[in-house]
Amino acid sequence: MARWVLLALLVPFMALHANAVIETYEFSTPTLEARYKALSQELRCPKCQNQNIADSNAPISRDLRAIVHEQLEAGATDEEIILYLVDRYGEFVRYRPGVDTNTFWLWSAPLILFVMALAVVWIQIRGDRKETTVESNEVRARQLREKYGEAPK
Amino acid sequence: MLLKRFLPLGAFLVLVLLLVRGLSLDPTELPSARLGKSIPSFNLPVLDAPDMRSSEDWRGKPALINVWATWCFSCRVEHPYLLQLAEQGVTIYGLNYKDEPLKASQWLVDLGNPYAETVVDQSGDFGLDLGVYGAPETYVIDAKGIIRHRHVGVVDEQVWLEQLQPFFEAD
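Owing to the predicted nature of the structure, the values given are computational and were not obtained by experimental measurement.

(A) Structural context of the overall build of chain A. A tally of regular secondary structure across chain A gives six helices and zero strands. Ordering the α and β elements of chain A from the N terminus gives α-α-α-α-α-α. Looking at chain A as a whole, 25% of its 153 residues qualify as buried. Of all intrachain contacts in chain A linking residues separated by at least 6 positions in sequence, the fraction that spans at least 24 positions is 50%. As displayed, chain A has an accessible area near 11600 Å², and 63% of this comes from carbon and sulfur atoms.

The structure is reproduced here in structure tokens:
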């Protein structure tokens, strides 16, 4: 019984979530619709920092979705649409910004960090090797012999 | 050996520097993509008049373009200061953005009109060309109609003195 009451209490929240879904557009071909979905996923809402325009309810995102829809139907390529928006809102609207002087470090950071990690690993391994020298092995062997006696022949 | 001992400290200091820098940045402040370019061409009706204005009409002297709307709360906050600026002789053009012209006219009657003239962008198309992402926004244009600065948010005395006024002194 209590479980059903709880479930009933949850129902309005499900409805709320369904209401949050934003407007839908009709596309003449499924390809256009797929491109619309891809574009609206990777275009960033200028107003709301960390949301793409597909997820954002901000008025500006609604406008940008309308632009993407309109231009797709008019036959624009993905690059043309992105360029159109970058012209107006800057590289900020792209979640995958192009490589320029501003984003050089952003794009090269993974490679640089990888090389640094390799260097650290290399230095560590080299350090380990240095410690297991013939002398250190002999010291260790002597210690073990003192503790356990000579190995039986 | 000494280097190895101080390496973590050095790395820590670099991290602290980066974090302090990160905290002092305002991520909501985006530079306009239109800086250094002419205002996009437009042809829009003037509020409360039967005339049309184009981008050519706003050339000749440095001015502010203030993007406002009656639905925008912060616009009401900055309005008194805009009136003050207009009184000091600063030319302010209004861009009534995605608003109802009737409400906009009433707003200017009720609160006073700081604008040399206001154009009506009901569809928001010109705003989009300009790169507006929310009101209020204020642009500085020079005498050639080139966008020199964009401020997002309320214009108050501090913003005027630190960010906007320098562009008016230069000309």
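(B) Here's a closer look at the packing of helix α3 (residues 59-73) of chain A against helix α4 (residues 78-89) of chain A. Residue and element names in this part refer to chain A. It is the contact of α3 with α4, at a shortest axis distance of 10 Å, that shows an interaxial angle of 145°. The way α3 lies across α4 gives a crossing that is right-handed. Contacts between α3 and α4 pair I60, L64, I67, V68, Q71 and L72 from the former with D78, I81, Y84, L85 and Y89 from the latter. Per-class residue counts for the contact of α3 with α4 are nine nonpolar, one polar and one charged.

(C) Seen up close, the packing of helix α2 (residues 73-87) of chain B against helix α3 (residues 101-111) of chain B. Residue and element names in this part refer to chain B. Running from N to C, α2 and α3 cross one another at 55°; their axes reach a closest spacing of 11 Å. The angle between α2 and α3 places the two elements in the oblique class. The handedness of the crossing between α2 and α3 comes out as right-handed. Where α2 approaches α3, its residues C75, R76, H79 and L83 are matched on the opposing element by W107, L108 and L111. Partitioned by chemical class, the residues of the contact of α2 with α3 number five nonpolar, one polar and one charged.

(D) Looking closely at the pairing of strand β7 (residues 147-152) of chain B. Residues and elements named next belong to chain B. Alignment of strand β6 (residues 137-141) against β7, held across five bridges, turns out to be antiparallel. When the bridges of β7 are listed, E137 appears paired with V152. The loop that links β6 with its antiparallel partner β7 comprises five residues; one of these, G145, has a positive phi angle of about 80°.

(E) Spatial organisation of the pairing of strand β4 (residues 92-97) of chain B. Residue and element names in this part refer to chain B. Burial within β4 is extensive, with six of its six residues counted as buried. Here β4 shows a buried face lined by I92, G94 and N96 and a second buried face lined by Y93, L95 and Y97. Summarising the sheet, strand β3 (residues 63-68) and β4 pair through five bridges and their orientation is parallel. The residue of β4 that forms the bridge with I65 is Y93. Pairing between β4 and strand β5 (residues 117-121): five bridges, direction parallel. For L95, the partnering residue across the bridge sits in β5 and is V119. As a crossover connection, the stretch from β4 through α3 into β5 is right-handed.

(F) Local environment of the sheet that holds β3 of chain B. All names here are of chain B. Taken together, five strands build an open sheet; the order of strands is β5-β4-β3-β6-β7 and the sheet is mixed. Where the open sheet ends on each side, the last strands, each with one partner, are β5 and β7. Each strand of the sheet is rotated relative to its neighbour by a mean of 20°, with strand direction disregarded. Across the sheet, α3 touches β3, β4 and β5, and the angle it forms with β3 is around 120°.

(G) Layout of α3 of chain A. Residues and elements named next belong to chain A. The end-to-end C-alpha distance of α3, which contains 15 residues, comes to 21 Å, matching closely the 21 Å that a straight helix rising 1.5 Å per residue would cover. Within α3 the residues assigned to the buried category are I60, S61, D63, L64, R65, I67, V68, H69, Q71 and L72. Looking at the residues trailing α3, positive phi occurs at G75, about 95°.

(H) Structural detail: the interface of chain B and chain A. At the junction of the two partners, chain B supplies 15 residues and chain A supplies 14 residues. A buried area of about 1200 Å², summed over both sides, lies between chain B and chain A, and 54% of it is on carbon and sulfur atoms. Of all residues in chain B, L30, L128 and Y133 of chain B bury the most surface against chain A, accounting for 44% of the area lost on that side. Our enumeration of links across chain B and chain A arrives at two salt bridges. A salt bridge links K98 of chain B to D63 of chain A; the shortest N-O distance between them is 2.4 Å. One can count three residue pairs in polar contact (both at pLDDT 80 or more) joining chain B with chain A. Sorting elements by how many residues they give to the side of chain B that touches chain A places helix α4 (residues 125-130) of chain B first, with four residues. By residue class, the composition of the side of chain B that touches chain A is eight nonpolar, four polar and three charged.

Rules and cut-offs
Residues numbered from 1 in each chain as written. Chains lettered and ligands numbered in written order. Predicted model: local features only at pLDDT ≥ 70, side-chain atom pairs only at ≥ 80, totals over all residues. Heavy atoms only, no water. Helix = DSSP H or I, 4+ residues; strand = E, 2+ residues; numbered from the N terminus. Buried < 20%, exposed > 50% of the residue type's maximum accessible area, 1.4 Å probe, protein only. Contact = heavy atoms within 4.5 Å. Areas by Shrake-Rupley, 256 points an atom, 1.4 Å probe, with all protein chains shown as cover. Axes fitted to C-alpha atoms, helices over the stretch in contact; angles between N-to-C directions. Left-handed = near helix turned anticlockwise from the far one by under 90°. Nonpolar A, V, L, I, M, F, W, Y, C, P; charged D, E, K, R; others polar. Parallel < 35°, antiparallel > 145°, perpendicular 65-115°, else oblique. Pairing = 2+ DSSP bridges. Right-handed = clockwise from strand over helix to strand, strands pointing away. Expected span 1.5 Å × (residues − 1). Buried area = accessible area lost by both parts, 1.4 Å probe. Salt bridge = Lys/Arg side-chain N within 4 Å of Asp/Glu carboxyl O. Polar contact = N/O pair within 3.5 Å; in protein donor to acceptor, adjacent residues only side chain to side chain.

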